[in-house]
Amino acid sequence: MLYEQIAETVREQIATGLYGPGDRLVSVRRLASEQGISVSTAVQAYQLLEDQGVIEARPQSGYYVRGRLSSAMPTTRLPKPASRPMKVSTGEMIMDVLETLKDPSLVPLGAAQPASDLLPVAALNRCVADVLRRQPNALFRYESTTGNAELRLQIAHLMLQAGVDCAADDIVVTNGGQEAMLLAIRAVAEPGDVIAVESPTYYGVLQAIQSLGMKALEIPTDAKEGMSLDALKLALEQWPIKAVFAMPTCSNPLGSSMPEEKKQALLQLLREHDLPLIENDEHAEFASAGSRPRAAKHHDHDGRVLLCTSFSKTLAPGCRVGWIVPGRYLEQVTYLKYVSNLATPSLTQRGIAQFLNGGGYERHVRKLRQLYVRQQERLSQAIFHYFPPGTKSSHPAGGMVTWVELPNKLSGFELYKRALEKGISIVPGRLFSVQNKYEHFIRLSCGGSWTPEIERAVATLGQLAQQMLQAQATKT
């Protein structure tokens, strides 16, 4: 059949690298014109390739090459986390790792942040300069503790895309997402209290819990659908948990996303136990589904969700502008913000507010989202191609990080140290647990532009892992 011949032609173009994973194919009409066929035949060809799992259709966007990793590399299986609350003990190690992530001389495969060449640097600089020109006294006045009024109004508009209907007065602007999480924890718990967290979880929240003299209880987490609600329910019956921390959408480091019905079930469970949810929504803008999923706070009808996020992943990491929508805890969060540092700096708030008011933010985020979908595919393919057999990775639902399980229980920390010697930064898996678990895991990031240097760095990591395997075999 003619459409089968056309499908085979497109398949060969993909196989020879003309189109890579995540690339958009020519439109149906253009394919028909190039091949001298009818539009219906072109549609049949694409539909055949879609049925075979070679390409995928995206609504109002076209056809894209699917990644080949999902059928070739299984999802990681996570070890059982701790069964009791634990003190966090990774403070010294995390500071050492963070220093390597900031080192510009290292190839950045560790830091979960966008490269500056992907950000609207010139536009933001113009906005800041314009603020200084029009509001020369902005640097010499305290901003409101809750944040610049115009910025909070713009953030309220952004929150509608996450399904969160809030007013500007419901928002507190913070010094980045880290302060938002810290304020949220302080608002709902006290020293000695227990916070339930996903396992593995973002190491920043573990450091916040440690700094406040609290304990973390790890809850088993699925690499696709997030925290196990059955395990959480059991933990709530056994331990005096004061709050739950989770990243329901595009979690860090797994990249997992809770289905909508599971987010609803999570909120229902917390209502039954009258507990707050601290929701980190930092990576949600980059969900690969094509649009921003609704936050768990969308299902919050009694103000128990404290939603924390920032512009660090989307706009300007160095500006340190985040925010929290704390629901019923607004008064506590506002007071804690005041006694902590009075207010977030004026200039960065006003500069970002002006950028948002210009209307370019949503277009910028869409471009980043599409870019990260492609780069996740490239990173996954590179892991599959260069790392030893038996290596496994998560299949992120979005974001810029991938969770990798090394074969034969190779040490992720040892690979981290060897990578540093080769000028490459990664993050060892043990940082994402209160007990230094996940020793044979690492987290990789695709936040920077995909370049030959990045490709070589992934290849080098694979070679180092292979050398570790060979050394392990020699010892045995």
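Residues take numbers from 1 onward in each chain, read along the sequence in its written order. Only residues with pLDDT of at least 70 get local features here, since the model is predicted, and only at 80 or more are side-chain atom pairs given and counted; chain-wide, interface and lining totals rely on the full set of residues. Values shown for side chains rest on all heavy atoms present in the structure; no hydrogens or waters enter the calculation.

Participant: Just to check I follow, could you spell out the overall build of the chain for this structure?
Facilitator: When you go through the chain residue by residue, the secondary structure sums to 16 helices and 16 strands. Its C-alpha atoms give the chain a radius of gyration of 23 Å, within 12% of the compact-globule value 23 Å for 476 residues. Sorting the 476 residues of the chain into buried and exposed places 56% on the buried side. In this description, contact between two residues means that some pair of their heavy atoms is separated by no more than 4.5 Å. Looking at the chain alone, contacts between residues at least 24 apart form 76% of all its contacts between residues at least 6 apart. Under the DSSP-based scheme used, a helix requires at least four consecutive residues in state H or I and a strand at least two consecutive residues in state E, with every element numbered from the N terminus. Based on C-alpha atoms, the radius of gyration is set beside the globule rule, defined as 2.2 Å times the residue count to the power 0.38. Whether a residue is buried, partly exposed or exposed follows from its accessible area with a 1.4 Å probe, protein chains only, as a fraction of its type maximum: under 20%, in between, or over 50%, in that order.

Participant: Hey, could you run me through the packing of aromatic side chains in this one?
Facilitator: A ring pair, where both rings are aromatic, is described by two values, the distance of the centres and the angle of the planes. Any Phe, Tyr or Trp ring, taking Trp's six-membered ring, that has another such ring centre within 6.5 Å forms a pair; planes under 30 degrees apart are called stacked, those over 60 apart edge-to-face, and the others tilted. What the rule picks out here adds up to 11 aromatic pairs. Geometrically, the ring pair formed by W403 and F432 is edge-to-face, given 5.3 Å between the ring centres and 80° between the ring planes. Here F432 lies in the loop between β15 (427-428) and β16 (441-445) and W403 lies in strand β13 (residues 401-405), a separation of 29 residues in the sequence. The pair formed by W403 and F432 is uniform in burial state, with each residue classed as buried. Pairwise contacts between aromatic rings join Y202, Y203, W403, F432, Y438 and F441 into one cluster. Here R430 stacks its cationic end above the ring of F413, 4.2 Å away from the centre of that ring. Lysine NZ or arginine CZ positioned within 6 Å of the ring centre and within 35 degrees of the ring normal marks a charge as sitting over the ring.

Participant: Before we go on, may I ask you to explain helix α16 (residues 452-475) in this structure?
Facilitator: Note that an α-helix has 3.6 residues per turn; residues three or four places apart therefore point the same way. What a helix is expected to span follows from its residue count: subtract one and scale by 1.5 Å. Along its 24 residues, α16 runs 35 Å from first to last C-alpha, staying within 8% of the 34 Å computed at 1.5 Å per residue. Among all positions in α16, only I454, A457, V458, A459, L461, G462, L464, A465, M468 and L469 are buried.

Participant: Looking at this model, I keep getting lost on the pattern of salt bridges. Mind explaining?
Facilitator: Side-chain pairs of opposite charge can arise whenever the charged atoms involved come near each other. The working definition used for a salt bridge is a side-chain nitrogen of Lys or Arg within 4 Å of a carboxyl oxygen of Asp or Glu. In the structure shown here, the tally under the stated rule is 20 salt bridges. Here R152 and D169 are joined by a salt bridge, their closest N and O atoms 3.4 Å apart. In this pair, R152 is assigned in helix α7 (residues 149-161) and D169 in the loop between α7 and β4 (172-174), connecting sequence segments 17 residues apart. Judged by relative accessible area, D169 falls into the exposed class, the value being 59%. Each of D274, D302, R304 and R328 takes part in salt bridges that share partners, so that together they form one network.

Participant: Explain the packing of helix α2 (residues 28-35) against helix α3 (residues 39-51) here, please?
Facilitator: To characterise two packed helices, one gives the angle between the axes of the helices and the distance between these axes. Look at α2 against α3: their axes get within 8 Å of each other, and the N-to-C directions meet at 110°. On the basis of their axis angle, the class for α2 and α3 is roughly perpendicular. The two elements α2 and α3 cross, and the hand of that crossing is right-handed. Between α2 and α3, the contacting residues are V28, R29, L31 and A32 on the first element and V39, A42, V43 and Y46 on the second. Put simply, Ala, Val, Leu, Ile, Met, Phe, Trp, Tyr, Cys and Pro go in the nonpolar bin, Asp, Glu, Lys and Arg in the charged bin, and everything else, Gly too, in the polar bin. Each residue belonging to the contact of α2 with α3 can be placed in one class, and the counts come to 7 nonpolar, no polar and 1 charged. The angle between two axes is taken between their N-to-C directions and runs from 0 to 180 degrees, where each axis is a line fitted to C-alpha atoms and a helix contributes only its stretch in contact. An angle below 35 degrees is read as roughly parallel, one above 145 as roughly antiparallel, one from 65 to 115 as roughly perpendicular, and any other as oblique. Here is the rule for handedness: rotate from the far helix to the near one, and if that takes an anticlockwise turn smaller than a right angle the crossing is left-handed, while a clockwise turn gives right-handed.

Participant: Would you take a moment to explain the sheet that holds strand β7 (residues 226-227) for this structure?
Facilitator: Neighbouring strands of a sheet are bound in pairs by backbone hydrogen bonds; such pairs are parallel or else antiparallel. Spatial ordering of the open sheet is given by β4-β11-β10-β9-β8-β5-β6-β7, a layout of 8 strands whose pairing is mixed. Across the chains shown, the open sheet's two edge strands, defined by having one partner strand only, are β4 and β7. Across 4 bridges, the pairing between strand β5 (residues 194-199) and strand β8 (residues 241-246) is parallel. When the bridges of β8 are listed, V197 appears paired with F245. Seen against the sheet, helix α11 (residues 260-273) touches β7, β8, β9 (277-280) and β10 (305-310) and runs at an angle of roughly 150° to β9. Note on pairing: DSSP must find at least two bridges between two strands before they are called paired.

Participant: What is the right way to look at unusual backbone geometry in this model?
Facilitator: Across residues other than glycine, the phi torsion is negative in most instances, and most of the peptide bonds are trans. Here the residue pair S199 and P200 is connected by a cis peptide bond, since its omega of 0° sits within 30 degrees of zero. Along the chain, P200 turns up in the loop between β5 and α9 (203-211). Going from N252 to P253, the amide bond is cis rather than trans, its omega being 25°. Turning to its location among the elements, P253 is positioned in the loop between β8 and α11. We note that D274 has phi near 50°; this positive angle belongs to a residue other than glycine. With respect to the helices, strands and loops of the structure, D274 is situated in the loop between α11 and β9. Even without glycine at this site, N408 takes up a positive phi of about 55°. When you line up the elements, N408 lands in the loop between β13 and α15 (412-421).

Participant: I keep staring at the sheet that holds β15 and nothing clicks. Help me out?
Facilitator: Read across the open sheet, the 4 strands follow the order β12-β13-β16-β15; overall the sheet is antiparallel. What marks the edges here is a single partner per strand, and that holds for β12 (392-393) and β15. The pairing of β12 with β13 spans 2 bridges and is classified as antiparallel. Paired with S393 across the strands is V404, a residue of β13. Across the sheet, helix α14 (residues 361-386) is in contact with β13 and β16; its angle to β13 comes to roughly 15°.

Participant: How should the confidence of the model for the chain be read in this particular structure?
Facilitator: The predicted coordinates of low-pLDDT regions are not to be read in fine detail. In this model, the chain carries an average pLDDT of 89, and 93% of its residues clear a pLDDT of 70 or more. Think of pLDDT as the predictor's per-residue confidence, scored from 0 to 100. Counted against residues more than four places away or in other chains, residues 68-77, with its pLDDT under 50, gives 33 contacts.

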